[in-house]
Amino acid sequence: MRKIFFLLAFLTLSVVAKAATDTSVAGLFQLEGSGRTVYNFNLGWHFHLGDINGAEGKTFDDSKWTVVNAPHSVRLEPSEASGGRNYQGIAWYRKHFTVPADMNGKDVSVHFEAIMGKQVIYVNGQKVKEHLGGYLPITIDLTSLGVKAGDKCVIAVKTDNSDDKTYPPGKKQSALDFCYHGGMYRDVWLIGKSPVAITDAIERNKVAGGGVFLHYDNITEDRADVFVNVEVGNSSNKAVEPTVMVRIKDANGKTVATLKKGITIAAGQNTTAYLGAKLKNIELWSPENPYLYNVEISIQNGKQSIDGGIVRMGIRKAEFRGKDGFWLNGKPYHQLIGGNRHQDFAYVGNAMPNSQQWRDAKRLKDAGMTIIRAAHYPQDPSFMDACDELGLFIIVPTPGWQYWNKDPNFGELVHKNTREIIRRDRNHPCVLMWEPILNETRYPEDFSIKALEITREEFPYPGKPVAAADMQSAGVKENYDVLYGWPDDIGKETTPTDKCVFTREFGEMVDDWYAHNCLNRAARYWGEKPMLMAALSLANTYGEMYHGQRQFIGGCQWHPFDHQRGYHPDPYLGGIYDAFRQKKYAFEMFRSQITDSEPMVFIANEMTQFSDNDVTIFSNCDSVRLTMFEGDKVVTLPVVHNPNGQPCAPVIFKDFWDFWKAREYSYKQRNWQKVSLVAEGIKDGKVVVTEKKMPSRRSTKIRLYADTLGMDLTADGSDFIVVVAEITDDNGNVKRLAKDNIVFTVEGEGRIIGDGEQIMANPRAVEWGSAPVLIQATDKPGKITITARSAYEGNYAPAADTLTIESKPATLPACFTDRPTAKNAVARTTENTNKQTMTDEERRKTLEEVNQQQIDFGIQ
């Protein structure tokens, strides 16, 4: 007999939604007392890797399958698993559940945020939907199938992330610069709505319609006209006359406008209420001040709210003025500098929880970025929410990369994706541009023009996000709003002066597109010299983004996070963070370019016996004073600020570090305490920031820390954080050259992702002084104690360390029957399911094709 779980939590909604606690569901944040019911539907999916006959059946016996929680990857992979080592093929998910009693009288649906590849979905053995594509939502209407509160149900999902050229992206993974990590890798929700409720914009499939649509006009420094379009559906068998109530609240919870409109909806029909307000004394949204209002929408029957939700609103005016550049909120804006972003994480592939989506946005913001190009597909809704909250512009592309299929249906599927992307993301103030074409792809001009028209059809109001595409592609240069190009395109006769130019991917310096030996790509564990060279290489190309001409508005680095790739045996290693989100030197270079933030200095030298004599400092101050050996050597150098180049050039103190002098103090004088470097950042003649670095002595301790970035671990069965074990000396200096293996153990309400799997997660090798582990919460809040010790202990092995963290209650109730199997919610088989199927000649042709496409599009 199965036990049914409904995990309840008190819903505490603050007037300013916090990423750490609130989650949007199908475009709406929860509004207390609205009448809409939402359950976390991630928990308790039975999982089978591979195909199996009859798995869609209601009575199929799945009792021996692994039980997992979404977000879920079909197979855990090592942290370096590029070159087609990830699983591609069929996998099955099945979930047993009872529809909660509080869904009585409601229209009940299951909302999948995304499932990789193509899917076939069954409810109680009946096929209800086939879907193509791995990046956009799928909604299943249970009520239309006769399901009601109290019913026991089974949902079966057949997924397949195999290569398939019939739908976008279409390109086979073996020729792809990223991976089709399989699985139910985003959130799943169970939603109960009144028969009279706000519609879903994607399900309605209506141009510029459905759901909620926010738009603006006449924006000045302190005023704006705000419009709220709300479509309400009536699935009942009689006409209704509800009232649409809208309250706009500022960040302090104060109501600044109240709007309402009565509407009439015939049985089985939909009606849109058009509401508007003239707001005064407004706060404008920008990356520097990402001010968000809450638009609370309630569908009322008399005085009772029967449906509703909250949409965050950021008011801003973006203008692309050609030779005059990019303007924000009526003023010229500085260069837009940012990065591209794949949804790829160590071990779990794309299966990142909402907290890690938020943390990724925070990491990019901390690096000084103001714009993110989503590469090469729409991102998780929670990442979009985070960009709104933290102040990051985003370019949202349709899925595609270096592939065109001449079958007309392929192009239509691209356009369908673009429409659904705009309907999903149109209310986000962070969305600055749409990319409705296929990245680095030769496509016909009529496709290009139609893609552009769709962006204008779907957002027909003033202030709409613009469309961007590569100026070398058909139909782009003459028609698109923003052109992808390079700084040296400015001033050419072939570059229109009425279009702004933006570099979609900067930083790459490969020897060729077969070998991929590249100056800016350095694994963190390669150490000091490679990371420094990569950082300096990126510093040069970063400076090129400041061209001095307003028409060139900036660019995005390729790529801030290390990630797996299909067409190369090596992961992409050019990140400023590694795949676990541990920082490299390049992060500090990026951070040093933020001239209007807190002053910083970073010493890019570890003072080892192998360290370079030149000492490089990254700083955003006016000058840096570097002191060695407590005053034996003191030099002050300026930080060069170039208005038409890099804002803060690296400061290089030539021939400064002296290992032999250090040895004299530590060996001959027994005064190792004197061996240090102290960097002081000076602004306006005053020391405003200091960093001291000492060489690490012998390894004596393990030190644990949790990389939370200030966000608690949530006890929802899916959330995870990175915990890092560092090897240090007696004084806490990290021993960068330490070689060890760390065994992690966990007690309490947590588990180790990859524990016992053959992915080298536990024990984990120490690399560049640290070993990371992923700790996942159970669905029960409580303490989690992590212990790290050397795999081979002895008298002089580094001493073990213990860290206790506490997971917090989830804010939404969960509906599930079965808890995850054993100690790990993410299962993996050790069977080799990816046997080599390509011949040498096929590999050669594939890589030649990739090489030529990179050359064609001027990848520098």
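Residues numbered from 1 in each chain as written. Predicted model: local features only at pLDDT ≥ 70, side-chain atom pairs only at ≥ 80, totals over all residues. Heavy atoms only, no water.

Q: Looking at this model, I keep getting lost on the overall build of the chain. Mind explaining?
A: When helices and strands are counted, the chain shows 10 helices and 47 strands. For 860 residues, the compact-globule estimate of 2.2 N^0.38 gives 29 Å, and the chain sits close to it at 27 Å. C-alpha extents for the chain along the principal axes are approximately 95 × 65 × 60 Å. Relative to its 860 residues, the chain shows a buried fraction of 61%. Within the chain, counting contacts between residues at least 6 apart in sequence, those at least 24 apart form 72% of the total. On the chain, roughly 32700 Å² of surface is accessible, and the fraction owed to carbon and sulfur atoms is 48%. Here the chain carries 101 positive and 108 negative side-chain charges, and the mean point of each set is 3 Å from the other. (Helix = DSSP H or I, 4+ residues; strand = E, 2+ residues; numbered from the N terminus. Rg over C-alpha atoms; globule rule 2.2 N^0.38 Å. Buried < 20%, exposed > 50% of the residue type's maximum accessible area, 1.4 Å probe, protein only. Contact = heavy atoms within 4.5 Å. Areas by Shrake-Rupley, 256 points an atom, 1.4 Å probe, with all protein chains shown as cover. Lys, Arg positive; Asp, Glu negative; His and termini not counted. Charge placed at Lys NZ, Arg CZ, Asp CG, Glu CD.)

Q: Honestly, the confidence of the model for the chain in this entry has me stumped. Any pointers?
A: For any part of a model where pLDDT is low, the fine detail of the predicted coordinates should not be relied upon. Model confidence for the chain is summarised by a mean pLDDT of 93, while 95% of its residues fall at 70 or above. Low pLDDT, under 50, characterises residues 1–21; the predicted model gives this stretch 58 contacts beyond four residues in sequence or across chains. (pLDDT = per-residue confidence, 0-100.)

Q: So what exactly am I meant to see when it comes to the layout of surface pockets here?
A: Approximately 1200 Å³ is the volume attributed to the largest pocket. Lining the largest pocket we find 47 residues, and of these Glu-606, Lys-693, Asn-733, Val-734 and Arg-736 sit closest to its centre. In terms of residues, the lining of the largest pocket owes the most to one element, helix H9 (residues 659–668), which gives 5 residues. Per-class residue counts for the lining of the largest pocket are 20 nonpolar, 8 polar and 19 charged. The calculated volume of the second largest pocket comes to roughly 1000 Å³. In terms of lining residues, the second largest pocket is bounded by 49 residues, among which Lys-193, Ile-198, Thr-199, Asp-200 and Ala-201 are the most central. (1 Å grid on protein atoms, 1.4 Å probe; cavity = no way out; pocket = protein on both sides within 12 Å on 5 of 7 lines; lining within 4 Å. Points joined across faces, edges and corners; volume = space filled by probe spheres on them. Nonpolar A, V, L, I, M, F, W, Y, C, P; charged D, E, K, R; others polar.)

Q: I keep staring at the sheet that holds strand E33 (residues 623–628) and nothing clicks. Help me out?
A: With antiparallel pairing, the 4 strands of this open sheet are ordered in space as E34-E33-E36-E37. Edge positions in the sheet fall to strand E34 (633–638) and strand E37 (686–693), since each has one partner strand and no second. Direction aside, neighbouring strands of the sheet carry axes that sit 20 degrees apart on average. As defined by bridge partners, strand E36 (residues 677–683) adjoins E37 across 7 bridges and the pair is classed as antiparallel. Opposite Val-678, over in E37, you have Lys-692 as the bridge partner. (Pairing = 2+ DSSP bridges. Axes fitted to C-alpha atoms, helices over the stretch in contact; angles between N-to-C directions.)

Q: It is not clear to me how the environment of Gly-732 should be interpreted in this structure. Could you clarify?
A: Of note, Gly-732 is situated in the loop between strand E40 (720–728) and strand E41 (741–748). The spacing of Gly-732 and Ile-702 is 30 residues in sequence and 9.3 Å in space, taken between C-alpha atoms.

Q: When you look at the side chain of Asp-489 in this model, what are you seeing that I'm missing?
A: Locating Asp-489 in the fold gives a position in the loop between strand E28 (482–484) and strand E29 (500–506). The class of Asp-489 is buried, set by a relative accessible area of 10%. Ignoring sequence-local partners within four residues, the contact set of Asp-489 consists of Met-471 and Thr-495.

Q: How should I be thinking about the pattern of salt bridges in this particular structure?
A: Side-chain pairs of opposite charge can arise whenever the charged atoms involved come near each other. Per the counting criterion, the structure on display carries 45 salt bridges. A salt bridge links Glu-606 to Arg-736; its shortest N-O distance comes to 3.8 Å. Remark: Arg-736 occurs in the loop between E40 and E41 and Glu-606 occurs in the loop between strand E31 (601–603) and strand E32 (615–619); sequence separation between them is 130 residues. With a shortest N-O distance of 2.9 Å, Arg-819 and Asp-779 are connected by a salt bridge. Residue Arg-819 is located in the loop between strand E47 (814–816) and helix H10 (840–856), and its partner Asp-779 is located in the loop between strand E44 (770–777) and strand E45 (782–790); the two are separated by 40 residues in the primary sequence. Arg-819 sits in the partly exposed class, given a relative accessible area of 36%. On the basis of relative accessibility, which here comes to 10%, the residue Asp-779 falls in the buried class. Salt bridges sharing common partners tie together Arg-373, Glu-435, Glu-440, Asp-470, Arg-504 and Glu-505. (Salt bridge = Lys/Arg side-chain N within 4 Å of Asp/Glu carboxyl O.)

Q: Sorry if this is basic, but what is going on with H9 here?
A: Residue pairs spaced three or four apart in an α-helix point in one direction, given the helix's 3.6 residues per turn. Where H9 begins, one side-chain oxygen reaches toward the backbone nitrogen of Trp-660, 3.0 Å away; that side chain belongs to Asp-658. Positive backbone phi, at 50 degrees, marks Arg-670, one or two positions downstream of H9. (Polar contact = N/O pair within 3.5 Å; in protein donor to acceptor, adjacent residues only side chain to side chain.)

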